[in-house]
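Letter by letter, the chains look like this.
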Number of protein chains: 2
Amino acid sequence: MARQLYELVGADPARRFSPFCWRARMALAHKGLEAEVVPWRFTETDRLAFARHDKVPVLVDGDRVVADSWAIAAYLDQAYPDRPSLLHGAAALRFVPAWADTVLNAALVRLIVSDIPPLLGPGEAAYFRTSREARFGMTLEAVTADREARLPGFRALLAPLRVLLGGQAFLGGAAPDYADYAVFGSLQWARCVSPLRLLEQDDAVHAWRARMLDLFGGLARDVPCFPG
Amino acid sequence: MARQLYELVGADPARRFSPFCWRARMALAHKGLEAEVVPWRFTETDRLAFARHDKVPVLVDGDRVVADSWAIAAYLDQAYPDRPSLLHGAAALRFVPAWADTVLNAALVRLIVSDIPPLLGPGEAAYFRTSREARFGMTLEAVTADREARLPGFRALLAPLRVLLGGQAFLGGAAPDYADYAVFGSLQWARCVSPLRLLEQDDAVHAWRARMLDLFGGLARDVPCFPG
């Protein structure tokens with residue numbers, strides 16, 4: 001059986017924008033592993049029943065099915081120990097995706113969420129708007145109304161990244177590892193859905209993101225996205 | 001030459017309260033290495049001239065002198081590779097102390113800074129008050145005046161820790177590693193200088209801190225501190 005990665009897409013199946021799917025996609029590339037993109041849309045939970053999961057990414061690798069981006073990273077290191085390590089056996093590296101989820105993504109969604117429905121088909125757009133507006137208790141346009149004013153606050157949240165990037169090219173050191181992919185997924189999510197320019201040109205995080213976009217032959221650069 | 005760790009102390013030389021020194025002290029214990037405490041106070045920069053550095057911790061290990069808590073952790077793994085690893089060769093683990101410095105310590109100092117001068121001798125207390133009041137642009141008592149109201153905001157910052165501690169005993173997994181010591185240093189700093197109860201009893205971070213205090217025969221528990 002071929003290797004497959006179920007990834008969230010928009011109306012255009014080339015528009016892949018989940019931060020968690022980008023983590024998994026970059027992790028596969030880090031390992032030098034090919035995987036077919038299986039496009040998946042928000043309302044297609046039935047199509048993931050085989051994985052006993054309701055969200056992507058889901059990796060199908062031969063007869064193994066692995067759901068959840070962190071579990072996929074751990075699986076890849078366990079299944080392919082002779083290829084470059086993602087996690088180095090350091091369970092505490094999970095702190096980086098945990099921070100990206102609870103801090104970075106929580107701030108980003110309030111900056112970009114209103115840009116997402118136009119990229120979805122009619123059914124997914126209605127589902128997305130209804131579920132997210134219930135979560136926020138306001139329209140998506142109200143959530144992002146003052147987003148330009150909140151950019152400095154967002155950029156301040158990136159301070160821990162700048163500590164590392166002041167002395168090394170990647171969070172992983174001279175070469176990237178899963179810490180890089182975990183954070184990059186969040187910025188790539190934003191880049192794939194929103195024209196909002198999150199990063200200032202002279203920010204070390206901006207230069208790092210450019211290096212990330214160059215990896216693996218421009219894997220993440222050469223997709224439908226905004227210039228960022 | 002015996003192994004020595006220069007550590008910040010108060011008027012009472014047993015009152016050791018630097019978050020960075022606690023990181024180094026716990027890292028040494030993790031490696032099973034003894035080190036004499038060399039008490040150091042804020043105004044004694046001359047005594048660190050030999051290390052070409054103006055802050056503690058400074059580790060003297062035979063003829064090696066290593067300043068800075070992160071450099072000490074990296075040195076210990078390099079010099080003692082056969083003992084339990086602190087960093088697993090994962091440079092990205094530095095994200096954890098970087099987060100502790102820029103987020104956790106930055107919030108903590110605004111909760112506890114006014115509790116520090118009474119623990120210092122007269123000369124250090126004057127230095128500390130003058131330098132910190134200049135930094136904050138107000139009296140230390142004004143900095144912490146509304147601290148009870150800011151505790152919920154502080155506790156919310158700990159969200160990434162709870163993601164990991166929901167599924168494992170330590171940030172490092174089943175056993176602690178440098179990620180644990182990096183964060184613990186911040187909470188131990190607060191515990192050693194302030195009666196403010198930072199953590200709620202039912203918080204997974206509180207239970208984790210109790211496990212940290214139990215490590216190495218109660219190394220961090222059995223020192224002059226507040227109950228926390």
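Quick summary incoming for the structure in this document. None of these values were measured; they are calculated from a predicted model.

1. Some thoughts on the overall build of chain A
Piece 1. Counting its regular elements, chain A contains nine helices and four strands.
Piece 2. In chain A, the succession of α and β elements from N to C terminus is β-α-β-β-β-α-α-α-α-α-α-α-α.
Piece 3. Relative to the compact-globule value of 17 Å for 228 residues, chain A shows a C-alpha radius of gyration of 17 Å, a close match.
Piece 4. Along the first, second and third principal axes, the C-alpha atoms of chain A reach 50 × 45 × 30 Å.
Piece 5. A buried classification covers 56% of the 228 residues belonging to chain A.
Piece 6. Taking contacts inside chain A between residues at least 6 apart in sequence as the whole, the part at least 24 apart equals 69%.
Piece 7. Taken as a whole, chain A presents about 9,200 Å² of accessible surface, with 55% of it coming from carbon and sulfur.
Piece 8. Averaged over its 26 positive side-chain charges, chain A has a centre that lies 2 Å from the centre of its 26 negative ones.

2. Concerning the sheet that holds strand 1 (residues 4-8) of chain A
Residues and elements named next belong to chain A.
Piece 1. Strand order in the open sheet formed by four strands is 2-1-3-4, with mixed pairing between adjacent strands. Of all the strands in the sheet, just strand 2 (36-40) and strand 4 (64-67) have a single pairing partner and so form its edges. Shown here is a sheet whose adjacent strand axes are inclined to one another by a mean of 20 degrees, direction ignored.
Piece 2. When strand 3 (residues 58-61) meets strand 4, the two strands line up antiparallel, connected through four bridges. Residue pairing for strand 4: Val60 is matched across the bridge by Val65.

3. Description of unusual backbone geometry
Glycine aside, negative phi is the norm for most residues, and most peptide bonds take the trans geometry.
Piece 1. Of note, the bond from Val56(A) into Pro57(A) is cis; its omega dihedral lies within 30 degrees of zero at 5 degrees.
Piece 2. By secondary structure assignment, the location of Pro57(A) is in the loop between strand 2 and strand 3.
Piece 3. A positive phi angle, close to 55 degrees, is found at His88(B), a residue other than glycine.

4. Brief notes about the interface of chain A and chain B
Piece 1. Contacts between the two partners involve 23 residues from chain A, matched on the other side by 23 residues from chain B.
Piece 2. Linking chain A with chain B are zero salt bridges, by the criterion used here.
Piece 3. Here chain A is connected to chain B by two residue pairs in polar contact (both at pLDDT 80 or more).
Piece 4. Among the secondary structure elements, those contributing two or more residues to the side of chain A that touches chain B are helix 3 (95-112) and helix 7 (159-165) of chain A.
Piece 5. For the side of chain A that touches chain B, the element with the most residues is helix 3 of chain A, which contributes six residues.
Piece 6. Among the residues making up the side of chain A that touches chain B, the classes are represented as 16 nonpolar, five polar and two charged.

Parameters and conventions
- Residues numbered from 1 in each chain as written.
- Chains lettered and ligands numbered in written order.
- Predicted model: local features only at pLDDT ≥ 70, side-chain atom pairs only at ≥ 80, totals over all residues.
- Heavy atoms only, no water.
- Helix = DSSP H or I, 4+ residues; strand = E, 2+ residues; numbered from the N terminus.
- Rg over C-alpha atoms; globule rule 2.2 N^0.38 Å.
- Buried < 20%, exposed > 50% of the residue type's maximum accessible area, 1.4 Å probe, protein only.
- Contact = heavy atoms within 4.5 Å.
- Areas by Shrake-Rupley, 256 points an atom, 1.4 Å probe, with all protein chains shown as cover.
- Lys, Arg positive; Asp, Glu negative; His and termini not counted.
- Charge placed at Lys NZ, Arg CZ, Asp CG, Glu CD.
- Pairing = 2+ DSSP bridges.
- Axes fitted to C-alpha atoms, helices over the stretch in contact; angles between N-to-C directions.
- Salt bridge = Lys/Arg side-chain N within 4 Å of Asp/Glu carboxyl O.
- Polar contact = N/O pair within 3.5 Å; in protein donor to acceptor, adjacent residues only side chain to side chain.
- Nonpolar A, V, L, I, M, F, W, Y, C, P; charged D, E, K, R; others polar.

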